Amino acid sequence: MFEEFKNAFQRYNNGHVQLIIINLAVFVAMAVIKVFTTVSGFGEVWNVVHEQFSIPAPIAEFITRPWTLITYMFMHDLSGILHILFNMLIMYWFGRLFIEYLGSDKLIAVYLLGGIAGGLTYLLAYNTIPFYNNQLGTFSGMVGASASVNAIVVATATLIPNYTFFLLFIGPVRIKYIAAAFVFLSFLGSVGN
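Since the model is a prediction, treat every value here as computed from it, not as a measurement. (Residues numbered from 1 in each chain as written. Predicted model: local features only at pLDDT ≥ 70, side-chain atom pairs only at ≥ 80, totals over all residues. Heavy atoms only, no water.)

Scanning the protein chain from N- to C-terminus turns up 10 helices and two strands. Counted from the first residue to the last, the protein chain has its helices and strands arranged as α-α-α-α-α-α-α-α-α-β-β-α. Dimensions of the protein chain along its principal axes, counting C-alpha atoms only, are 50 × 45 × 30 Å. Taking all 193 residues of the protein chain together, 38% fall into the buried category. The protein chain carries 8 positive and 8 negative side-chain charges, and their two centres are separated by 13 Å. (Helix = DSSP H or I, 4+ residues; strand = E, 2+ residues; numbered from the N terminus. Buried < 20%, exposed > 50% of the residue type's maximum accessible area, 1.4 Å probe, protein only. Lys, Arg positive; Asp, Glu negative; His and termini not counted. Charge placed at Lys NZ, Arg CZ, Asp CG, Glu CD.)

Now for the side chain of H76. Among the structural elements, H76 can be located in the loop between α5 (68-71) and α6 (82-102). Among the residues examined, H76 registers a relative accessible area of 1% and is labelled buried. Only 3.3 Å separates the side chain of H76 from the backbone nitrogen of A145, close enough to count as a polar contact. (Polar contact = N/O pair within 3.5 Å; in protein donor to acceptor, adjacent residues only side chain to side chain.)

With that settled, the discussion passes to the environment of F165. Examined against the element boundaries, F165 turns out to sit in strand β1 (residues 164-167). Residue F165 is classed as buried on the basis of its relative accessible area of 17%. Residues within four places of F165 in sequence aside, it is in contact with W93, F94, L97, G171, P172, V173, I175 and I178. (Contact = heavy atoms within 4.5 Å.)

As structure tokens, this is what we get:
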């Protein structure tokens, strides 16, 4: 199994699969750490590890952990598997299409730059908008690749808006509409958890 992952990771023009493998490896590693630290009674160790990957909302905290602007986009919420599952499926489908036209290097750049833009927007929102500012301290920080995946989806839909995906139970749908729906759902989630 390790050899298969190694081969998939080393294959040329396979950036979307490489990013998926990294995200899944971090998810599995963090899940294992969380289980072992919780069972052994060292829950504080998990909190410290989680802090090193999640981007904190207060600027004063962020300044002490600036690397979280990158690490947050490779870690996902461990309370369920749906968050990472849907992010990785969407990244696979749109990433594969993106790579056909622009290649792996540009996909990885869009993933990283989209994640950085999402992290900076998060920091800006929680430190300037009163609604979000009032919620500071009620959660431990943001994790997830949603901003990066949104960037890939929007970039692909901008590049080839009339490309058609055939969706189960729906039929043919142009990716510009899928991208619009994906961004709209992310917008709706901006006032939730």
